[in-house]
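Structural characterization, general
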Amino acid sequence: MSVGVSTSTPLLPASDTDVVTSAFSLVDYVVFALLLVLSLAIGLYHAFRGWGRHTVGQLLMADRKMGCLPVALSLLATFQSAVAILGVPSEIYRFGTQYWFLGCCYFLGLVIPAHVFIPVFYRLHLTSAYEYLELRFNKAVRICGTVTFIFQMVIYMGVVLYAPSLALNAVTGFDLWLSVLTLGIVCTIYTALGGLKAVIWTDVFQTLVMFLGQLVVIIVGSTRVGGLGNAWEVASQHGRISGIELNPDPFVRHTFWTLAFGGVFMMLSLYGVNQAQVQRYLSSRTEKAAILSCYAVFPCQQVVLCMSCLIGLVMFAYYQKYPMSTQQAQAAPDQFVLYFVMDLLKGLPGLPGLFVACLFSGSLSTISSAFNSLATVTMEDLIRPWFPQFSEVQAIMLSRILAFGYGLLCLGMAYISSQMGPVLQAALSIFGMVGGPLLGLFCLGMFFPCANPPVSDRLAPQSFTGGAIVGLLAGLVMAFWIGIGSIVTKMAFGVAPSPSNISSFSLPSNLTTVAMTTLMPSTTHSRPTGLQRFYSLSYLWYSAHNSTTVIVVGLIVSWLTGGMRGRTLNPRTISPVFSRLVDLLPLSCQKRFHCKSYSQDLSVDTPAFPEKMSNGMLKNSRDKEAMAVPEEGSAHQGSSPTFILQETSL
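Residues numbered from 1 in each chain as written. Predicted model: local features only at pLDDT ≥ 70, side-chain atom pairs only at ≥ 80, totals over all residues. Heavy atoms only, no water.

Per an unreviewed UniProt entry, the chain carries the name Solute carrier family 5 member 6 and comes from Felis catus. In UniProt, the chain has this text filed under Subcellular location (unreviewed entry): "Cell membrane". Quoted verbatim from the Sequence similarities (unreviewed entry) field of UniProt, the annotation for the chain is "Belongs to the sodium:solute symporter (SSF) (TC 2.A.21) family." (UniProt positions renumbered as here; feature names shortened; annotations may be inferred.)

And the structure:
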């Protein structure tokens, strides 16, 4: 199936003799191999350094001694994957610079986690972010959150692993599944053996490779088109430089409000409550270092976004000056960038290999983070609570086995990803659909003390009618309702040509009609109305819509089931920002929220689970008694009190 459009100044395909063929030289393969070898070497160095003396805390949390800079670069690398390196320039090339306004959401998307989520997580001395859900609600909510996260990351891993392998196969003929296996195996080995410290330091190296690879393309490309100023001018002449689109309609794919504010919720789901990021915050030496690392990501993200967008502009200007080959014109959108790079850098040995290394660096950093975080939550949330008798050696071995197991699962998910459409919107949609409900669940716990866990009584000891779980389930149902409804609606209405941003191209056979119509931005022959229009909600609003659903449904169910009346609530599970917000309300409202109680001793730095040491092992009974949470009225003895709410009101 093909989708064809023509621009105002159509590009004339070159003859078939100009088809781009494999341009990889021996030097390029050496550069690419060096990336894999050095990544593996860094990981194995940290794995074998002190072999036999490792603890679970070192393996899963880097002993909580990481500095600000490596944590910041690792935070950046975790979700700056090949998905973005391939997808963003293609987005700019096809639709113009509107996507660039996504940078407006970065500041709030990082400031809010720094001052809302990090203080709570860090002061509770958590290992898994979902331990918080047990502290705030109960074990059932914790398990639901963990399972949801595992589902989210397993799907995302497949997309990230498949994307660079597809690109490499398209332009060099390198075997697709051989590259998938190579990437997956290398990543699995150093992640399973080296743990979080190995992941963070390989992330630092891979981030530098990503910067260098993109910078080379911008420099060489701008030279070929007469400079960045000329590239901007060419793009402007063809209507690719977008103004500020202030249309508030959430069903328009990209507007200023969608990117700047809908994107904030997407950022919060990534940098606020996602275990892959939270685990890095918690590995910092101090809370201040964790907050600074969050701030340090902001300028780095802006630079990365600008570089990706500039590549898209240079690519557009380049193909206005030089004709496309037939093979390039028929490429899928996610292959545009690699074809451009191979065309641009041919005759410059080593540089094509550097950019491919850049792509694989993005995938390695993201996949390794996913493996490590998945192994951590599985160990801490699903295994250790039921088998606390594990020795240190057994726990380390099991953690490594889990990382290996998720590596094998990732390879299976890569095949499923091969059936998906353009990877940028696919990945962001997955995070919005599944990450949004998780964001709503954490916000429900931190900002609404009346939200309750599943209610149990004599008649229904295992009842799931509490606000937390019902809210989460409602958010997930809403997320998949919109997603599946979008598929059905677009199939029913058919797909019209995309906006006139590119020359004709055809989708390869491995992109099914369903996936293409679901994930590719497009317009329809007839505009849907009513419920069908609801299914065309912009993917950047998924997180906002689904998290709001969790909060609203959770509050309603909590109110109907009696709120937290008669139940204990640890005040340290309420965000310190909550009391400041409530201070803005009238005094009568403040009393109903009991805000004065929640703000007590939030800065006390003691573990949430006193039976756990920082390395994850159980303390002896004497240590447990010494660190036991004191009764109400003894908050100044070293821990925040747990108290009973006498009245709870929405």
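Details of the pattern of salt bridges
Under the counting rule described, the total for this entry stands at eight salt bridges. Here Glu 287 makes a salt bridge to Arg 123, at a shortest N to O gap of 2.9 Å. Separated by 164 residues along the polypeptide, Glu 287 in helix α12 (residues 287-321) and Arg 123 in helix α5 (residues 106-123) bring together distant segments of the chain. With respect to class, Glu 287 is no different from Arg 123; both count as buried. For the salt bridge of Arg 142 with Glu 134, the shortest nitrogen-to-oxygen distance reads 2.4 Å. Each of Glu 134, Lys 139, Arg 142 and Asp 381 takes part in one network of salt bridges that share partners. (Salt bridge = Lys/Arg side-chain N within 4 Å of Asp/Glu carboxyl O. Helix = DSSP H or I, 4+ residues; strand = E, 2+ residues; numbered from the N terminus. Buried < 20%, exposed > 50% of the residue type's maximum accessible area, 1.4 Å probe, protein only.)

Side note on the packing of helix α8 (residues 176-224) against helix α14 (residues 336-345)
As a packed pair, α8 and α14 sit with axes 10 Å apart at the nearest point and diverge in direction by 65°. In this view, α8 runs roughly perpendicular relative to α14, as classed from their interaxial angle. Crossing of α8 over α14 shows left-handed handedness. When α8 is examined against α14, the residues Val 217, Val 220, Gly 221 and Arg 224 are found in contact with a partner set consisting of Phe 340, Val 341, Leu 344 and Leu 345. (Axes fitted to C-alpha atoms, helices over the stretch in contact; angles between N-to-C directions. Parallel < 35°, antiparallel > 145°, perpendicular 65-115°, else oblique. Left-handed = near helix turned anticlockwise from the far one by under 90°. Contact = heavy atoms within 4.5 Å.)

Things to note about the nonpolar core
Across soluble globular proteins, nonpolar side chains show a tendency to be buried alongside one another. One finds Phe 117, Phe 121, Tyr 132, Phe 340 and Phe 442 to be the most contacted residues of the largest nonpolar core, which totals 171 residues. The dominant element in this core, judged by the number of residues it contributes, is helix α15 (residues 351-383), at 16 residues. Non-local contacts of Phe 117, meaning those with residues more than four positions away in its chain, are made with Ile 112, Leu 268, Gly 272, Val 273, Leu 439, Phe 442, Cys 443 and Met 446. Judged by nonpolar contacts, the second largest core, of five residues, contains Met 564, Leu 569, Ile 574 and Val 582. (Core = buried A, V, L, I, M, F, W, Y, C linked by side-chain atoms within 4.5 Å.)

Considerations on the environment of Val 377
On the secondary structure map, Val 377 appears in helix α15. A residue is classified by how much of its surface remains accessible, and Val 377, at 0% relative accessible area, is buried. Look past the residues within four positions of Val 377 in its chain and what remains in contact with it is Ser 128, Tyr 130, Thr 146, Phe 149, Ile 150, Gln 275 and Leu 382.

Here's the deal with the packing of aromatic side chains
On inspection of all chains with the given rule, the structure shows 19 aromatic pairs. Between Phe 107 and Phe 298, the ring centres sit 5.6 Å apart and the planes meet at 75°, which makes this aromatic pair edge-to-face. Here Phe 107, found in helix α5, pairs with Phe 298, found in helix α12; they are 191 residues apart in sequence, far enough to count as distant. Classification of Phe 298 as partly exposed rests on a relative accessible area of 26%. A ring pair is formed by Phe 121 and Phe 442, whose centres lie 5.8 Å apart and whose planes are at 85°; its orientation type is edge-to-face. Taken together, the positions of Phe 121 in helix α5 and Phe 442 in helix α17 (residues 423-447) put the pair 321 residues apart, joining distant regions of the chain. Each of the two residues, Phe 121 as well as Phe 442, counts as buried. We note Lys 139 situated over the ring of Trp 386; from NZ or CZ to the ring centre the distance is 5.8 Å. Between Arg 253 and the ring centre of Phe 95, over which it is positioned, the NZ or CZ distance is 5.3 Å. (Phe/Tyr/Trp six-rings, centres within 6.5 Å; stacked < 30°, edge-to-face > 60°. Lys NZ or Arg CZ within 6 Å of the ring centre and 35° of its normal.)

A word on the environment of Asn 546
As for its placement among the helices and strands, Asn 546 is situated in helix α21 (residues 542-560). In the structure, Asn 546 is positioned 107 residues away from Leu 439 in sequence and 8.7 Å away in space, judged by C-alpha atoms.

Things to note about a nonpolar patch on the surface
On the surface, Leu 26, Val 30, Leu 34 and Leu 38 cluster together into a nonpolar patch covering about 380 Å² of accessible area. Tracing the backbone through its elements, the reader meets Val 30 in helix α1 (residues 26-48). The exposure class of Val 30 is partly exposed, given its relative accessible area of 45%. (Patch = residues over 30% accessible without salt bridge, like charges linked within 9 Å, V, L, I, M, F, W, Y side chains within 5 Å. Areas by Shrake-Rupley, 256 points an atom, 1.4 Å probe, with all protein chains shown as cover.)

Things to note about the packing of α5 against helix α11 (residues 275-282)
As a packed pair, α5 and α11 sit with axes 10 Å apart at the nearest point and diverge in direction by 70°. The angle between α5 and α11 falls in the class roughly perpendicular. Across the interface between the two elements, Pro 113, Ile 118, Phe 121 and Tyr 122 of α5 pack against Val 278, Tyr 281 and Leu 282 of α11.

Quick word on the side chain of Thr 191
Here Thr 191 is to be found in helix α8. One polar contact links the side chain of Thr 191 to the main-chain carbonyl oxygen of Cys 187, over a distance of 2.8 Å. When residues no more than four places from it in sequence are discounted, the contact partners of Thr 191 are Val 199, Ser 368, Phe 371 and Asn 372. (Polar contact = N/O pair within 3.5 Å; in protein donor to acceptor, adjacent residues only side chain to side chain.)

Re unusual backbone geometry
Non-glycine residue Asp 63 carries a positive phi angle of around 60°. Relative to the assigned elements, Asp 63 resides in the loop between α2 (56-61) and α3 (68-79). You can call Asp 63 partly exposed: its relative accessible area is 26%. The residue His 125 is not glycine, and still its phi comes out positive at about 55°. Summarising the element assignment, His 125 is placed in the loop between α5 and α6 (131-136).

Notes on α21
When the terminal C-alpha atoms of α21 are compared, their 27 Å separation across 19 residues agrees well with the 27 Å that a helix rising 1.5 Å per residue should span. Among all positions in α21, only Tyr 542, Ser 543, Ala 544, Asn 546, Ser 547, Thr 549, Val 550, Ile 551, Gly 554, Leu 555, Val 557 and Ser 558 are buried. A positive phi of about 95° marks Gly 562, the residue just after α21. (Expected span 1.5 Å × (residues − 1).)

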